[in-house]
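Listed below, chain by chain, are the residues.
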Amino acid sequence: MSSVGKSPTTPSTARGTVPPPAGGHYYRRFTRVERIMHALLMLSFVGLALTGLPLLFSDKPWASVLARILGGFQAAGVIHRTCAFVMLVLFASHIIAVVRRGIANKDLVGILWGPDSMVPQPQDAVDIYNHFKWFLGVGPRPQFDRWTYWEKFDYWAVFWGMAIIGGSGFLLWFPVFFAKLLPGWMFNIATLVHGEEALLAVGFIFTIHFFNGHLRPEKFPMDTVVFTGRISEHELKHERAVEYARLIREGTLAAQEAPPPTLESRAFGWFVGGGTLLLGIVAIILIVYSVLH
Amino acid sequence: MFCIGPIVAAAAQGTAPPAPGVNETCLACHGDKDAKRADGRSIAVEDAMFSHSVHGEMHLKCTDCHVDVSPQKLPHPEKLKPVVCANCHQQEAKEYSATVHGIARKGGNNVAATCTDCHGSHDIRRANDPASRTNHANLEATCGKCHGNDAMVASAKLPGGNIVTQFHDSIHGKALTGAGAGSAPTCTNCHGAHTIRAKSDPESATSRANIPDTCGSCHKKERAQFATSLHGQLRHEGNLAAPGCNDCHSAHRIQRHDQPAFQTQVINECGNCHADYLSTYRDTFHGQVTALGYSAVATCASCHGSHEILPVSNAASNVSPQNRLKTCQKCHAGATANFANYDPHANRHDRARNPLYYYAAKFMDWLLIGVFGFFAIHTLLWFIRSLRVRLARRDDDGTQG
């Protein structure tokens, strides 16, 4: 899977930017396929945002400049649809993977319930409550299992967003065809929903997701786990103590152990992930500026 | 005039020079290139220049215009009376007195153009002479001495600003330098020459009411179409708030109608009156693309037409229920009846016009407010808490979270 240049027990701590691994152990958090999917999702998302935002803010001078940089609205449209196609393939392959997990791996229950499920559960409500208590200084910091409530929100926001934006996008891509089946006013609603939902998605990913995943003081300036796939033992213990305890209890912790992050995966995280982070922040500045003026 | 008889006689005899005469006497002094008056201004008159002028060709004498000089009583007084062109050109002078320039002069404006500003003085040539200031090819420059001169425009507060520079880059201005220069209009084709009047003057060729006829004198087909259109009908009924040619095309900056710059700009001209329709158009893909400066998608005119715009209630309109689908199909080949039920001006604030659209917009508004509102608070509180925890920990043992 990845190059095993070093023994997992002797990781380098000299690479300043990597959080200091206290125990030196690393555990697999994302599979290689998941990391590739996240990278493609991220790149296609940026492509869609860059080519879509000029339309949403077409009355602003920066929008015409951006449209011209992208090669005009026709070229921007081609990029937009190409990225949409990539995202559609990702969406479809994720659905297929979930279905296979349910049928081939007979893990239907695990999809819907438990620590490896993305479905919101009572514990998430408890976690939100306790997290707010900690925010306000009236409770201890809650500990989380594999998927926190905000990560589940990210997941469902993207899931819902893909369905809504993707669905409306298809209507707008092939209006003559879909008008054979649907009334004309559907295209009014599709245009509205496509733009507003996209604004929500771009606004959410480039602020809330960036903060939760990267920019908050514990992670600043960024967390490369989604690019390397590896979480350090230190972080697992302190950020996801419930998961750590559960893995020990279930006796599966050792099976999750993995070699430290490869240089390539970290470089990808820092340059491509970091570049996306910066691009997203610029986009947010333009959006906020445009909304206020 | 004491000299009309000899002039006619001289002209009738052809090229025979007049008897040793007045002009030679004048040129004895004024023929000297360096002749100056007391204050240093030149009083030189070039013989060749005058003899090639229309008055020179007619063998007029200097004293025909400078009537207060007598060759028998020289030297003449330094200060002479102004030349009065009206002594011969009575009809032109009468017309001029009613023009915007003539009225300004009468009102004490001493920079408003008078005869010599356009025609010259000793060098006046016939308008059909290519060297004439009033030749078709030279009028832009002649009018431009004032109306194309920023300093003059500013000091005399000339209406419309530097209109000759604007005109120069317009379709008419460009045509004047091209192959069809002879038939392209210059200033006087719209404004007249001795009939130039302010556009506020009902008699003006460029008054609000008269503009369609003025433009229509060349653009006959468009004029006829416009007369049958909604805008043309409104004007016919006396409603001059309805647009005329220049409201969409401008006056001096007219561009080719097939250029993206014009096609995307004219949308805003429609919006000057139809603000609500412009605003709902901008909510559509068509409106967004054109706002970016690309005209490959539908503009107002693509659906409504331009000179032939009719209300939706008129069956002949491009956007009437009968014709709407055909109009969509101009771009969207194969479009069906459903397709044409798309509302190109759906208004998210108008529940009556499209309730589903209205509620969808409300839902999206609250979805965005809800998500961003919740996470704004969540993020802010988290940020403050994390920062405090980290700072406290750093103070304790210097380690980082």
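Criteria and cut-off values
Residues numbered from 1 in each chain as written. Chains lettered and ligands numbered in written order. Predicted model: local features only at pLDDT ≥ 70, side-chain atom pairs only at ≥ 80, totals over all residues. Core = buried A, V, L, I, M, F, W, Y, C linked by C-beta atoms within 7 Å. Buried ≥ 20, exposed ≤ 12 C-beta atoms within 10 Å, placed from the backbone. Helix = DSSP H or I, 4+ residues; strand = E, 2+ residues; numbered from the N terminus. Domains from an automatic or database assignment. Contact = placed C-beta atoms within 7 Å. Nonpolar A, V, L, I, M, F, W, Y, C, P; charged D, E, K, R; others polar. Pairing = 2+ DSSP bridges.

## With respect to the nonpolar core
Within the largest apolar cluster, 51 residues are counted, with the highest numbers of intra-cluster contacts made by A49, L192, V193, A201 and V202 of chain A together with L292 and A360 of chain B. Listed by contribution, the elements that provide at least two residues to this core are helix 1 (32–56), helix 2 (61–69), helix 3 (72–103), helix 6 (149–173) and helix 8 (185–215) of chain A together with helix 20 (285–291), helix 23 (337–340) and helix 24 (355–397) of chain B. No other element matches the 15 residues that helix 8 of chain A contributes to this core. Lining this core are residues from two domains, each supplying at least three of them: domain 1 (255–340) and domain 2 (358–401) of chain B. Excluding residues that lie within four positions of it along the chain, A201 of chain A makes contacts with G161 and I165 of chain A.

## Comments concerning the interface of chain B and chain A
Each partner contributes residues to the interface: chain B has 41 residues there, and chain A has 37 residues. Elements represented by at least two residues in the side of chain B that touches chain A include exactly helix 20, helix 23 and helix 24 of chain B. Ranked by the residues each element gives to the side of chain B that touches chain A, the list is headed by helix 24 of chain B, at 18 residues. Counted by class, the side of chain B that touches chain A contains 24 nonpolar, 12 polar and 5 charged residues.

## Here we look at the sheet that holds strand 3 (residues 257–258) of chain A
All names here are of chain A. What the 3 strands build is an open sheet, ordered 2-1-3; its pairing is antiparallel. Only two strands of the sheet have a single neighbouring strand rather than two, namely strand 2 (230–232) and strand 3. In terms of strand pairing, strand 1 (residues 26–28) meets strand 3 through 2 bridges, oriented antiparallel. By the bridge assignment for strand 3, Y27 is matched with E257.

## Concerning the environment of M87 of chain A
Residue and element names in this part refer to chain A. Turning to its location among the elements, M87 is positioned in helix 3. Among the residues examined, M87 registers 23 C-beta atoms within 10 Å and is labelled buried. For the pair M87 and L40, spaced 47 residues apart in sequence, the C-alpha to C-alpha distance is 7.7 Å. Residue contacts for M87: discarding those within four places in its chain leaves L41, S44, M162 and G166.

## Points about the environment of A291 of chain B
If you trace the backbone, A291 of chain B turns up in helix 20. Linking A291 of chain B and M152 of chain B, residues 139 residues apart in sequence, is a C-alpha distance of 36 Å. Discounting residues that sit within four places of it in the chain, A291 of chain B has contacts with S58 and D59 of chain A together with R282 of chain B.

The analysis is restricted to geometry; functional conclusions fall outside its scope.
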